[in-house]
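Working through the structure, step by step
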Amino acid sequence: MLAAAAIAEYADTLTILERDRMPEHPTVRKGVPQGRHLHGLLSTGARAIDTLLPGALTSLLNHGAHHLGLAEQTLIYGPYGWMRPYPTGHFILGASRPLVEWTVHTHLLRQHRIQLIEGAEVVGLTGDADRVRGVRIRHRDIRHSRQLAADLVIDATGRSSKTSQWLAEFGIGPVPVTVVDSGLAYASRIVQVPAKAPTHRCVTVQADPRDSVPGRGGFWLHIEGGQAVITLSGTKGAHPPLDEEGFTRFARSLRHPLIGELLTSTRPVTHISGFRDTANQRRHYHRFPSLPAGLLVIGDASTTFNPLYGQGMTVAALSALALRKAWPGDHLGSAECRQIQRAIARTADLPWTVCTAEDIRYPGAKGPRPSPGLRLAQRGVDRLRAAAAHDPAAAQTFFDVLRSRISTEHHRLISAGQAWSSSE
């Protein structure tokens, strides 16, 4: 939907193909398997959405979303203890995934002329190795298939994207893929928070990747309707249970028991839902010299992050802004599409480095072994996090990195493993 908002002014006809039926009100739908889990929208992503769809952020707040300043309105228990509550100019938006999605959908259709075809599943591409000319779609209700022509096809189908397989039908590929998998699984439930309960609206207890044991973590976030989402996570060997007693016991077993204590004063609203497909995966379309004209890949279909780090929606929004900024005009040849694809990829570079550098450290993690430069960067991040727990300047830098707002020059240093290499 954000990709559609980015290019709506340039298209004579813009069509969104949606597998589900979009709900009239915020509700979990089948096509979003993580819809029942915690989605903390970061300030960078919230502002990007508001740029693409003016008024969306105000609408979210009017519908009960919480604007929580980082770190003055959040409690963060990291590897070095509690972070002191310094204002950094960043925030996290406490809202359910259904509310964020419904808000974006409502504002998109209100502000732009979009053709929305619901219950339609894309089953292939049309065209050839030089240019994609449309898609093959199947209407799920009536089992009817047809072709839809397009000057540009944008794959925004998420982590289940099949574009690389469809390109193989044109004799293109394989698309290079990098996977870093910590083996993490998580479990979530929504609870009703009593009016007289403790006022903590955002609490995170993080694992310590330096430990030689599976990582355990937890997140408590207030959302609309006087409710909160609790998500518990664990890497291989420490997956959170999905039963009532085990869920509570796991929450109390974290490095600090606060989330477990908060849980005891609540009333369950939903059952406990689990999720295990958490590997970081990057399909390197931006490095692919044979990418045909008329095709772009965006969001999780291009780069998928471990959801634990809360980067998915933010990177999707930044990718849509990059799409708008890099739009070349009327001509969309292969060179122009490659240029846009590289711009989309750049929005994921820093989050990818941060997420994978942490995940590869856990016992049993799978993926490319860290280079000497990356190991140096990991040590630098450890030192930054230690300083951020008590120093406001370090805290500001830490949240700049986490929220994808650090400068390009600093990002190059991090990627090269040269940051924080001095003895100071």
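The structure displayed is predicted, hence computed values, not measured ones.

With that out of the way, let us pick up the sheet that holds strand β8 (residues 120-127). Hydrogen bonds along the backbone pair up the strands of a sheet, which may run parallel or antiparallel. With respect to topology, three strands assemble into an open sheet ordered β8-β9-β10, the strand pairing being antiparallel. Only two strands of the sheet have a single partner each, and these edge strands are β8 and β10 (144-149). Neighbour-to-neighbour, the strand axes of the sheet open up by a mean angle of 25 degrees, direction not taken into account. The pairing of β8 with strand β9 (residues 132-139) spans seven bridges and is antiparallel. Across the sheet, the residue bridging to Gly 127 is Val 132, located in β9.

Our focus in this paragraph is the side chain of Asp 20. With respect to the element layout, Asp 20 can be found in the loop between β1 (15-18) and β2 (40-42). Overall, the relative accessible area of 10% leaves Asp 20 in the buried class. Side-chain polar atoms of Asp 20 contact the side chain of Arg 29, separated by 2.8 Å. Ignoring anything within four residues of it in the chain, the contact list for Asp 20 reads Arg 29, Lys 30, Gly 31, Val 32, Glu 118, Gly 119 and Arg 140.

A few words now on the pairing of β10. Relative to β10, β9 runs antiparallel, the two being bridged by six bridges. Considered in β10, the bridge of Ile 137 is made with Arg 146.

What counts as what
- Residues numbered from 1 in each chain as written.
- Predicted model: local features only at pLDDT ≥ 70, side-chain atom pairs only at ≥ 80, totals over all residues.
- Heavy atoms only, no water.
- Pairing = 2+ DSSP bridges.
- Helix = DSSP H or I, 4+ residues; strand = E, 2+ residues; numbered from the N terminus.
- Axes fitted to C-alpha atoms, helices over the stretch in contact; angles between N-to-C directions.
- Buried < 20%, exposed > 50% of the residue type's maximum accessible area, 1.4 Å probe, protein only.
- Polar contact = N/O pair within 3.5 Å; in protein donor to acceptor, adjacent residues only side chain to side chain.
- Contact = heavy atoms within 4.5 Å.

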